[in-house]
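# Analysis of the macromolecular model
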Amino acid sequence: MKEQSENRRALPKFFLTMLGSLLVGGAAGLAIGMGHIFGVDLSDAAVWLDGAVYSATSWAIPVTSVLTLGGAFWLYRRARQKVSGWDGGDENDASEEAERLLSWSMLLSAVQLLINLFFMAAVAVYYMEKNGLPIVAEFIVSCGLVIFAQQKAVDLTRKMNPEKRGSVYDSKFQKKWLESCDESEQRQIGQACYRAYMVTTRVCIGVWMALVLLSMVYRISLLSVFVLLLVWGTMQTVYTLECIRLSRKSGE
């Protein structure tokens, strides 16, 4: 009975969400259809975007690297000053502030890695018949700096927490680092991973809807939809199988 009452309470919200999604999708489809009727050509926007990415490919990696990695190293330096300049006050406050700065530093370096991967893919698209070696060199240098920034942040974290183990140069770094965390930290990591899982699920749904709508305007290959669903399906499958494995392990 309890399950049925919870279902009854959740059903109205579920139906409203589905209705809202249908209304938004219908409105977008209607707008696209009206645009076709009145001769609105949205392909110009795609041409402009394509040209903008092409123009940015040659300089985007070094410029963004200066901004993001410059910020990452600045945050690392502030964290190091917090640790080395501790004056005997509350050590927990100093270490927590330093760890917060290092987390932001790691985030900036991760963002730069994504930017590097995007524009490296752009090289494959736009520079197949041109000399793209300078951009490849920029990619390698920037990725090296990303790894170096992450290594400095991890080393400082290990200095503050000697029980931590792992090196960014080790392929099993994440596993060793997780094993060296205490139960409280592992719970925090688990909560963060679940939050990332939920957000990624919603993002995948949103991207799928966007691709379906864009296919009404542009000729979009089904390969993009397949890749999106492959990533989404892999995440869902791994999450479910890991839950099954952990439940069996806890029951032993």
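Relevant structure appears above.
### Let's talk about the pattern of salt bridges
Opposite charge on two side chains makes pairing possible when the charged atoms of those side chains draw close. Tallied over the full model, the rule gives six salt bridges. With a shortest N-O distance of 3.5 Å, Lys 164 and Glu 163 are connected by a salt bridge. Given the relative accessible area of 5%, Lys 164 is considered buried. One salt bridge in this structure joins Arg 245 and Glu 242, with 2.5 Å as the shortest N-O distance. Linking Arg 245 with Glu 242, this pair stays in helix α8 (residues 222-251), spanning three residues, or about one helical turn. Residue Arg 245 is classed as partly exposed on the basis of its relative accessible area of 41%.

### Some words on the nonpolar core
One finds Val 53, Ala 56, Ala 60, Ile 61, Phe 119, Ala 122, Val 123, Tyr 126, Tyr 127, Ile 135, Phe 139 and Cys 143 forming the largest nonpolar core, which totals 12 residues. Breaking this core down by element, the ones donating at least two residues are α2 (43-57), α3 (60-84), α4 (91-126) and α5 (133-160). Considering every element that reaches this core, the biggest residue donor is α4, with four residues. Residues in contact with Cys 143, not counting those within four places in the same chain, are Leu 113 and Asn 116. Counting nine residues, the second-largest nonpolar core is a separate cluster that includes Leu 75, Tyr 76, Leu 156 and Met 160.

### Brief notes about a nonpolar patch on the surface
Together, Leu 223, Phe 226, Val 227, Leu 230 and Val 231 give the surface a local cluster of nonpolar side chains, amounting to about 480 Å² of exposed area. In this structure, Val 227 sits in helix α8.

### Things to note about the packing of aromatic side chains
Per the counting criterion, the structure on display carries eight aromatic pairs. For the ring pair Tyr 54 and Tyr 126, a centre distance of 5.4 Å and an interplane angle of 70 degrees mean the geometry is edge-to-face. Of this pair, Tyr 54 sits in helix α2 while Tyr 126 sits in helix α4, placing them 72 residues apart in sequence. Exposure remark for Tyr 54: the relative accessible area of 31% places this residue in the partly exposed category. Relative to Tyr 239, the ring of Tyr 194 has its centre 6.5 Å away and its plane inclined at 40 degrees; by these criteria the two rings are tilted. Taken together, the positions of Tyr 194 in helix α7 (residues 183-214) and Tyr 239 in helix α8 put the pair 45 residues apart, joining distant regions of the chain. The rings of Tyr 54, Tyr 126 and Tyr 127 are connected pair by pair, giving a single aromatic cluster.

### Overview of helix α6 (residues 173-180)
Of the positions making up α6, those classed as buried are Phe 173, Trp 177 and Ser 180. Summarising the axial view, the buried residues of α6 lie within an arc of 65 degrees, below the 170-degree limit, and thus occupy one face. Residues of α6 that are exposed and point over 90 degrees away from its buried face: Gln 174 and Lys 175. The inward-facing, buried residues of α6 contact α5.

### Concerning the environment of Ala 98
Secondary-structure assignment places Ala 98 in helix α4. Using a relative accessible area of 0% as the deciding quantity, one classes Ala 98 as buried. Separated by 17 residues in sequence, Ala 98 and Gln 81 place their C-alpha atoms 8.5 Å apart. Beyond its immediate chain neighbours, meaning those up to four positions away, Ala 98 contacts Ala 79, Lys 82, Val 83 and Met 160.

### A look at the packing of α3 against α5
The geometry of α3 relative to α5 is characterised by a closest axis approach of 11 Å and an angle of 15 degrees between their N-to-C directions. Viewed along their axes, α3 and α5 adopt a mutual orientation that is roughly parallel. For the element pair α3 and α5, the recorded crossing hand is left-handed. Residue-level contacts link Ile 61, Pro 62, Ser 65, Leu 69, Phe 73, Tyr 76, Ala 79, Arg 80 and Val 83 of α3 to Ile 135, Glu 138, Phe 139, Ser 142, Leu 145, Val 146, Phe 148, Ala 149, Lys 152, Ala 153, Leu 156 and Met 160 of α5. Here the residues of the contact of α3 with α5 are counted per class, giving 16 nonpolar, two polar and three charged.

### Remarks on the side chain of Asn 116
Topologically, Asn 116 is positioned in helix α4. Residue Asn 116 is classed as buried on the basis of its relative accessible area of 0%. Other than its neighbours up to four places away in sequence, Asn 116 contacts Ile 61, Ser 65, Phe 139, Ser 142, Cys 143 and Val 146.

### Focus: the side chain of Thr 157
Looking at the secondary structure, you find Thr 157 in helix α5. Owing to a relative accessible area of 14%, Thr 157 belongs among the buried residues under this scheme. Ignoring anything within four residues of it in the chain, the contact list for Thr 157 reads Leu 102 and Trp 177.

Conventions we followed
- Residues numbered from 1 in each chain as written.
- Predicted model: local features only at pLDDT ≥ 70, side-chain atom pairs only at ≥ 80, totals over all residues.
- Heavy atoms only, no water.
- Salt bridge = Lys/Arg side-chain N within 4 Å of Asp/Glu carboxyl O.
- Buried < 20%, exposed > 50% of the residue type's maximum accessible area, 1.4 Å probe, protein only.
- Helix = DSSP H or I, 4+ residues; strand = E, 2+ residues; numbered from the N terminus.
- Core = buried A, V, L, I, M, F, W, Y, C linked by side-chain atoms within 4.5 Å.
- Contact = heavy atoms within 4.5 Å.
- Patch = residues over 30% accessible without salt bridge, like charges linked within 9 Å, V, L, I, M, F, W, Y side chains within 5 Å.
- Areas by Shrake-Rupley, 256 points an atom, 1.4 Å probe, with all protein chains shown as cover.
- Phe/Tyr/Trp six-rings, centres within 6.5 Å; stacked < 30°, edge-to-face > 60°.
- Arc of directions from axis to C-beta.
- Axes fitted to C-alpha atoms, helices over the stretch in contact; angles between N-to-C directions.
- Parallel < 35°, antiparallel > 145°, perpendicular 65-115°, else oblique.
- Left-handed = near helix turned anticlockwise from the far one by under 90°.
- Nonpolar A, V, L, I, M, F, W, Y, C, P; charged D, E, K, R; others polar.

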